[in-house]
Amino acid sequence: MNSENTGENTGENTSKSTGFDALLTRAAEAETCADPSSVMTLLADTDAPGGGFTAYRSTFAKGAVGAPAHLHTKATELFFVISGSLQVLVGEEVTVLNAGDFLAVPPHTPHAFAAAPGCEADVLFTFTPGMGRFDYLRLLGSVMRGETDPKKIAESSERYDNHYVDSPAWRDALAAS
């Protein structure tokens with residue numbers, strides 16, 4: 001896979017039409033970040049002109065807290081549940097996504113996620129446009145492991161387009177679990 005590949009029916013080099021060359025990440029070579037309740041496998045992180053994307057896979061243990069309520073001002077976040085069940089907040093509604101379910105959360109929409117009560121979850125996450133988010137995921141893992149001051153996450157909100165918000169609906173859902 002290289003810049004010799006052409007776009008479908010265009011005859012153009014993919015890097016010209018998309019801003020990046022074809023990208024392949026082998027599972028055996030992917031970087032992982034772990035915290036006490038999840039493992040993130042970092043798959044792709046491009047911030048090419050005109051878009052790009054970030055993709056990673058997270059496996060959540062039973063009881064994993066996931067992400068608190070937050071929103072993105074520039075990116076759409078896509079969720080695909082590979083196996084298990086993921087409890088999610090979208091706006092003020094809490095629901096459970098099961099294996100095979102897909103969710104797209106547009107910019108400015110508060111959302112949160114955690115392993116559904118009593119369940120594990122394996123989820124593919126994609127952000128578009130990409131913004132070099134792997135450094136944020138590394139920082140998050142470091143904070144969750146107690147190696148880095150949590151204030152570093154708040155300080156990085158603009159850089160990584162990750163803005164935490166208060167959600168009584170999410171607090172209530174977590175308390176009920």
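Scroll up to find the structure.
The rules behind these values
Residues numbered from 1 in each chain as written. Predicted model: local features only at pLDDT ≥ 70, side-chain atom pairs only at ≥ 80, totals over all residues. Heavy atoms only, no water. Helix = DSSP H or I, 4+ residues; strand = E, 2+ residues; numbered from the N terminus. Buried < 20%, exposed > 50% of the residue type's maximum accessible area, 1.4 Å probe, protein only. Contact = heavy atoms within 4.5 Å. Pairing = 2+ DSSP bridges. Patch = residues over 30% accessible without salt bridge, like charges linked within 9 Å, V, L, I, M, F, W, Y side chains within 5 Å. Areas by Shrake-Rupley, 256 points an atom, 1.4 Å probe, with all protein chains shown as cover. Salt bridge = Lys/Arg side-chain N within 4 Å of Asp/Glu carboxyl O. Phe/Tyr/Trp six-rings, centres within 6.5 Å; stacked < 30°, edge-to-face > 60°.

Scanning the protein for helices and strands turns up five helices and ten strands. Classification of the 177 residues of the protein by burial places 40% in the buried group. Within the protein, contacts between residues at least 6 apart in sequence are counted, and of these 67% link residues at least 24 apart.

Within strand β8 (residues 111–115), five of the five residues are buried, which leaves it mostly tucked inside the rest of the structure. The pairing of strand β4 (residues 67–71) with β8 spans two bridges and is antiparallel. Directly across from Ala67, in β8, lies its bridge partner Phe113. In the sheet, strand β5 (residues 76–90) pairs with β8 via five bridges, with the strands oriented antiparallel.

Nonpolar side chains collect at one region of the surface, where Phe80, Ile82 and Phe102 lie side by side and expose about 280 Å² of accessible area between them. Its place among the elements puts Phe102 in strand β7 (residues 102–105).

Inspection of the entire model under this criterion finds eight aromatic pairs. Between Phe60 and Phe113, the ring centres sit 6.0 Å apart and the planes meet at 70°, which makes this aromatic pair edge-to-face. One end of the pair, Phe60, is in strand β3 (residues 53–60); the other, Phe113, is in strand β8, and 53 residues separate them in sequence. Of the two residues examined, Phe60 and Phe113, each falls in the buried class. With centroids separated by 6.4 Å and ring planes inclined at 80°, the aromatic side chains of Phe60 and Phe125 adopt a geometry described as edge-to-face. With Phe60 in strand β3 and Phe125 in strand β9 (residues 121–128), the pair connects residues that are 65 residues apart, well separated along the chain. Judged by its relative accessible area of 6%, Phe60 falls in the buried class.

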